[in-house]
Amino acid sequence: MNKRLKNRNLYISVLAKFILSHLFSLGWLFFSIWISQRWIMELGQIVSIPAAILIIAGIAYIPGYMNSFLVSSLLLDRQPPFKHQYPANDITVLITAHNEEKGIRDTLRQISCQDYEGSIHVLLVDNHSTDRTVQAAQDAAKEFGLSLQIIPEWNKGKHHALNKGLKYVKTPYMVTLDADTLLHKTALRFIVSRMLSAPKEVCAVAGTVLVRNSRDNMLSKLQEWDYFLAISSVKRLQGLYQQTLVAQGAFSLYKTEVVKEIGGWPDVIGEDIVLTWKCLKAGYKVYFEPLAVAFTTVPVSLDHFAKQRSRWARGMIEGLKTVKPWQQPNVFAKFLTGINFVMPFIDVSYTFFWIPGLILCFFGVFWIVGPLTLLVLPITLLSYFVLYQFQKNVFKSLGLRIRKNKLGFVLFVLGYQMLTSPIAVWGYLQEAFQLKRVWK
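Predicted, not measured: the structure shown is a model, and the values here were computed from it.

A. Spatial organisation of the overall build of the chain. Helices and strands together make up the secondary structure of the chain, namely 15 helices and 8 strands. The globule rule puts the C-alpha radius of gyration for 440 residues at 22 Å, and the 22 Å found for the chain is close to it. Summarising its shape, the C-alpha atoms of the chain cover approximately 70 × 65 × 45 Å along the three principal directions. Within the chain, the proportion of its 440 residues that are buried is 55%. Restricting to contacts in the chain with at least 6 residues of sequence separation, those with at least 24 account for 84%. Accessible surface, the chain as shown: approximately 20500 Å² in total, 62% of it carbon and sulfur.

Okay, structure coming up:
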């Protein structure tokens, strides 16, 4: 009895965590402003005081605030236990495929290896493939004993394929899965368990997506840490506040009736982003499950990487245009979607201030980048350390090992933002000028 009361006294509400994290972040912000006064004055002599404050805000103040909010929130995070650890609900796995002959067999094999006790029906929507995707899928389904239904969709575009498949989903829950994504053997069990353990207003659960081809080259090694630390940390933060902003199409679980109620996937380049935000606007909640792990293939060429990340940036702007943060009914959703308003400012600041400032720094000119800019580094490293511990426990629970990728981590911390920010800026410009959409 005393132990139960003690645990109850330690409970901190989600709202209290939100307030405490902001208080910590404000403290860090005020400290940063106080210690950077000399930096403001010196840079102000060159570009004016207002311009100096604007530049420093973009490369130090705002990123520092966001990182400190992330760290404090993660330290307060306590994932609730599963109420149903071995669900047996019938589910549908919805896969859209365009010329996925090489990888579809492995994807279907991993579905067949699931330790899930319920019935799994696979819907494969063939989106105008010109290779042997359909035949390869049929052969794999026969080999692995899968329930597979193949549906053709001749209108090109992922949203067309997803909405076509949605019409054929008969189960209350459905999982969307990319055709090149491999599920860990417990992935479906954990993602469905989280849904069944969640409040009734939760309509989707985003799974954890990690990199499967990190050994290909240095670009994939960088992305391994991005998915493992940065993306997972943001999703864990959003999941803490029950407002995960992207139930990504690569691997997420949805309540079928809610997706149909919302109108399915919209005709935008970031269809999963906009769908999730529309769910939040309708009053639903979206969770994140760290233990539901899948592995995806990431771009190994800079051209492919740039197209993918500019598409993500463009999708974020589409989300802001479709559902304004102030239209969200939940205060947590208002704040978390509102953060996306400052992301273009941060990316522009890194692209046009930080990178030129770093080049000047190498020549002994410390106008923008200097010793004080290192203030952002400790809070960044702390956030990565905190999440690394979370992820380490996740991997241990799943019987996985973290790959040794030390050089990739160093380059990720020191230079990854300088790679992604210019690409994001290009994505914002694409959306601003309504340039042609490019998926691959």
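Let's pick the thread back up.
B. Structural detail: the pattern of salt bridges. Applying the stated criterion across every chain yields a total of 14 salt bridges. With its nearest N and O atoms 2.9 Å apart, the salt bridge here joins Asp115 to Arg189. Of this pair, Asp115 sits in the loop between helix H5 (104–112) and strand S2 (120–126) while Arg189 is found in helix H8 (residues 187–197), placing the two residues 74 residues apart along the sequence. Residue classification places Asp115 among the partly exposed residues on the basis of a relative accessible area of 30%. Across the pair Lys307 and Asp303 runs a salt bridge whose closest N-O atoms are separated by 3.4 Å. Here Lys307 pairs with Asp303, and both are found in helix H12 (residues 302–322), just 4 residues apart, close to one helical turn. With relative accessibility at 29%, the residue Lys307 sits in the partly exposed group. The structure contains a network of salt bridges with shared partners spanning Arg314, Lys321 and Glu431.

C. Representation of the pairing of strand S8 (residues 285–296). Taken across its 12 residues, S8 has 12 buried, putting it largely inside the fold. Where strand S6 (residues 202–211) and S8 come together, 9 bridges link them in parallel fashion. By the bridge assignment, Val209 is partnered in S8 with Ala294.

D. Geometry of the nonpolar core. Ranked by size, the top nonpolar core spans 108 residues in total, and within it Ile95, Ile111 and Phe251 carry the most contacts. Of all the elements, helix H9 (residues 218–240) adds the most residues to this core, at 9 residues. One finds Leu29, Tyr65, Tyr350 and Trp354 within the second-largest nonpolar core, a separate group that totals 19 residues.

E. Up close: the packing of aromatic side chains. Scanning the entire structure with this criterion turns up 22 aromatic pairs. A ring pair is formed by Phe18 and Phe332, whose centres lie 5.0 Å apart and whose planes are at 65 degrees; its orientation type is edge-to-face. In this pair, Phe18 is assigned in helix H2 (residues 14–35) and Phe332 in helix H13 (residues 331–362), connecting sequence segments 314 residues apart. Given the relative accessible area of 10%, Phe18 is considered buried. The structure contains a cluster of three or more aromatic residues connected by ring pairs, namely Trp225, Phe228, Phe305, Tyr384, Tyr388, Phe395, Phe409, Phe412 and Tyr416. Over the ring of Phe190 we find Arg189; its NZ or CZ atom is 4.6 Å from the centre of that ring.

F. View of the sheet that holds S2. The 8 strands lie next to each other as S3-S2-S1-S4-S7-S6-S8-S5, forming an open sheet whose pairing is mixed. A single partner strand is all that each edge strand has here, and the edge strands are strand S3 (147–152) and strand S5 (182–183).

G. Inspection of the environment of Gln149 at higher detail. Relative to the helices and strands, Gln149 resides in strand S3. Residue classification places Gln149 among the partly exposed residues on the basis of a relative accessible area of 28%.

H. Region of interest: the environment of Met41. As for its position among the elements, Met41 is in helix H3 (residues 37–47). With 146 residues separating them along the chain, Met41 and Ala187 place their C-alpha atoms 53 Å apart.

I. Highlighting H3. Taken together, the buried positions of H3 are occupied by Trp39, Ile40, Leu43 and Gly44. When H3 is viewed along its axis, its buried side chains cluster within an angular range of 125 degrees and face the same direction. H3 presents Arg38 and Gln45 as exposed residues on the side facing more than 90 degrees away from its buried surface. Looking at the buried side of H3, the elements it contacts are helix H4 (49–76). Where H3 ends, the next residue or the one after it, Ser48, has phi of about 90 degrees, a positive value.

J. Representation of the confidence of the model for the chain within the structure. In the predicted model, the chain carries a mean pLDDT of 91, and the fraction of residues at 70 or more is 95%. Of the regions scoring below 50 in pLDDT, residues 1–8 engages in 0 contacts with residues more than four places distant in sequence or in other chains.

Rules of the game
Residues numbered from 1 in each chain as written. Predicted model: local features only at pLDDT ≥ 70, side-chain atom pairs only at ≥ 80, totals over all residues. Heavy atoms only, no water. Helix = DSSP H or I, 4+ residues; strand = E, 2+ residues; numbered from the N terminus. Rg over C-alpha atoms; globule rule 2.2 N^0.38 Å. Buried < 20%, exposed > 50% of the residue type's maximum accessible area, 1.4 Å probe, protein only. Contact = heavy atoms within 4.5 Å. Areas by Shrake-Rupley, 256 points an atom, 1.4 Å probe, with all protein chains shown as cover. Salt bridge = Lys/Arg side-chain N within 4 Å of Asp/Glu carboxyl O. Pairing = 2+ DSSP bridges. Core = buried A, V, L, I, M, F, W, Y, C linked by side-chain atoms within 4.5 Å. Phe/Tyr/Trp six-rings, centres within 6.5 Å; stacked < 30°, edge-to-face > 60°. Lys NZ or Arg CZ within 6 Å of the ring centre and 35° of its normal. Arc of directions from axis to C-beta. pLDDT = per-residue confidence, 0-100.

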